Amino acid sequence: MRSPKATRTALKKFPKGSEAYNYAYEEAMERVDGQITNSRDLAKQVLSWITCAKRRLTTSELRYALAVEVNESELDEDNLPEVEDMVSVCAGLVIVDKESDIIRLVHYTTQEYFEQTQDHWFPNSVVEVTTICVTYLSFSVFESGFCQTDSEFEDRLRLNPLYDYAAHNWGIHAREALTLCQQVIGFLESELKTEAASQALLAVKGYMFNGDATESFRGQSVV
């Protein structure tokens, strides 16, 4: 503003309370929409996944989720987005916790805003997340079914970063989608792939990977 009076006038027009947050987030989403197509699409995928996820995601989990190509039988690692790109295209709405490697929305009000406006910004998000989860669980790497040892299961978790999240939450997302996509049907028709997914649910403790760190099974066998 050119003068103190102009500044005071502008401040009077600025929204207060929760309206101010909504105003700021709408401004940020306008910046997101104003990017080139690839950046805009990546930003909306990142924001959609973080908003819809049933727990906080590590950067590795989200990278692998975004790299999944529907109707493919394996993941092409050349399709993995860089963490820096995932953050930068989101116009300040996403941050990464350096200690935990969790990628999340910048403030709890951001989550509230996107939950309220999800149908507007991400109208197909629940179906898309469901499809990604079951596509991942249908990869050929899971065709062997149950792992026979703890070490084999730990290797599966380590080498397939989205496995734990997808196995625990694909059904929750599918119920919310209110429609049965073909990928879900194909997944359920494979006994070995559903066995591989169910093994993660039978673990005494969930696994969360951050580098090479894992949580143990407390001595319980996975078979």
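In the block above lies the structure referred to throughout.
The structure displayed is predicted, hence computed values, not measured ones. (Residues numbered from 1 in each chain as written. Predicted model: local features only at pLDDT ≥ 70, side-chain atom pairs only at ≥ 80, totals over all residues. Heavy atoms only, no water.)

**Overview of helix 7 (residues 125–137)**
Look at helix 7: 18 Å from first C-alpha to last across 13 residues, which is about the 18 Å you get at 1.5 Å a residue. Extensive coverage of helix 7 is indicated by the burial of 11 of its 13 residues. Taken together, the buried positions of helix 7 are Ser 125, Val 126, Val 129, Thr 130, Thr 131, Ile 132, Cys 133, Val 134, Thr 135, Tyr 136 and Leu 137. On its buried face, helix 7 is in contact with helix 3 (37–52), helix 4 (59–67), helix 6 (108–121), helix 9 (163–177), helix 10 (182–188) and helix 11 (191–202). (Helix = DSSP H or I, 4+ residues; strand = E, 2+ residues; numbered from the N terminus. Expected span 1.5 Å × (residues − 1). Buried < 20%, exposed > 50% of the residue type's maximum accessible area, 1.4 Å probe, protein only. Contact = heavy atoms within 4.5 Å.)

**A few points about the layout of surface pockets**
Of the voids in this model, the largest pocket is the one considered here, and its volume is about 330 Å³. If you trace the largest pocket, you find 16 residues lining it, with Asp 41, Lys 44, Gln 45, Ser 48 and Glu 128 closest to the centre. Contributing elements (two or more residues each) for the lining of the largest pocket: helix 3, helix 4 and helix 7. In terms of residue count, helix 3 provides more of the lining of the largest pocket than any other element does, 5 residues in total. Residue composition of the lining of the largest pocket, grouped by class: 9 nonpolar, 4 polar and 3 charged. (1 Å grid on protein atoms, 1.4 Å probe; cavity = no way out; pocket = protein on both sides within 12 Å on 5 of 7 lines; lining within 4 Å. Points joined across faces, edges and corners; volume = space filled by probe spheres on them. Nonpolar A, V, L, I, M, F, W, Y, C, P; charged D, E, K, R; others polar.)

**Considering the nonpolar core**
Within the largest apolar cluster, 56 residues are counted, with the highest numbers of intra-cluster contacts made by Val 46, Leu 47, Trp 49, Leu 62, Phe 114, Tyr 136 and Tyr 163. Broken down by element, the residue count for this core peaks at 7 residues, all from helix 3. Each residue touching Leu 47, except ones within four places of it in the same chain, is listed here: Met 29, Cys 90, Leu 93, Val 94, Leu 105, Phe 114 and Phe 122. (Core = buried A, V, L, I, M, F, W, Y, C linked by side-chain atoms within 4.5 Å.)

**Observations concerning the environment of Asn 71**
In this structure, Asn 71 sits in the loop between helix 4 and helix 5 (83–88). Asn 71 sits 112 residues away from Gln 183 along the chain, and the two C-alpha atoms are 7.9 Å apart. With residues near it in sequence (within four places) discarded, Asn 71 still touches Thr 135 and Gln 183. A polar contact of 3.4 Å, which involves the side chain of Asn 71, links it to the side chain of Gln 183. (Polar contact = N/O pair within 3.5 Å; in protein donor to acceptor, adjacent residues only side chain to side chain.)

**A short note on the sheet that holds strand 3 (residues 102–105)**
Taken together, the 3 strands give an open sheet; going across it, the order is 1-3-2, and neighbouring strands pair in antiparallel fashion. Of all the strands in the sheet, the pair left with one neighbour each is strand 1 (57–58) and strand 2 (94–97). Pairing geometry for strand 1 and strand 3, over 2 bridges, is antiparallel. Looking at strand 3, one finds that Thr 58 is bridged to Ile 102. (Pairing = 2+ DSSP bridges.)

**Concerning helix 6**
A bend of about 45° at Glu 115 is the largest found in helix 6. All of the buried residues in helix 6 are Thr 109, Thr 110, Tyr 113, Phe 114, Thr 117, Gln 118 and Trp 121. (Bend = angle between axes of the 7 residues up to and from the residue.)

**Re the packing of helix 9 against helix 11**
For the pair helix 9 and helix 11, the least separation of the axes is 9 Å and the interaxial angle reads 90°. On the basis of their axis angle, the class for helix 9 and helix 11 is roughly perpendicular. Residues Tyr 163, Ala 167 and His 168 of helix 9 form the contact with helix 11, whose own contacting residues are Ala 196, Ala 197, Gln 199, Ala 200 and Leu 201. Looking at side-chain class alone, the contact of helix 9 with helix 11 contains 6 nonpolar, 2 polar and no charged residues. (Axes fitted to C-alpha atoms, helices over the stretch in contact; angles between N-to-C directions. Parallel < 35°, antiparallel > 145°, perpendicular 65-115°, else oblique.)

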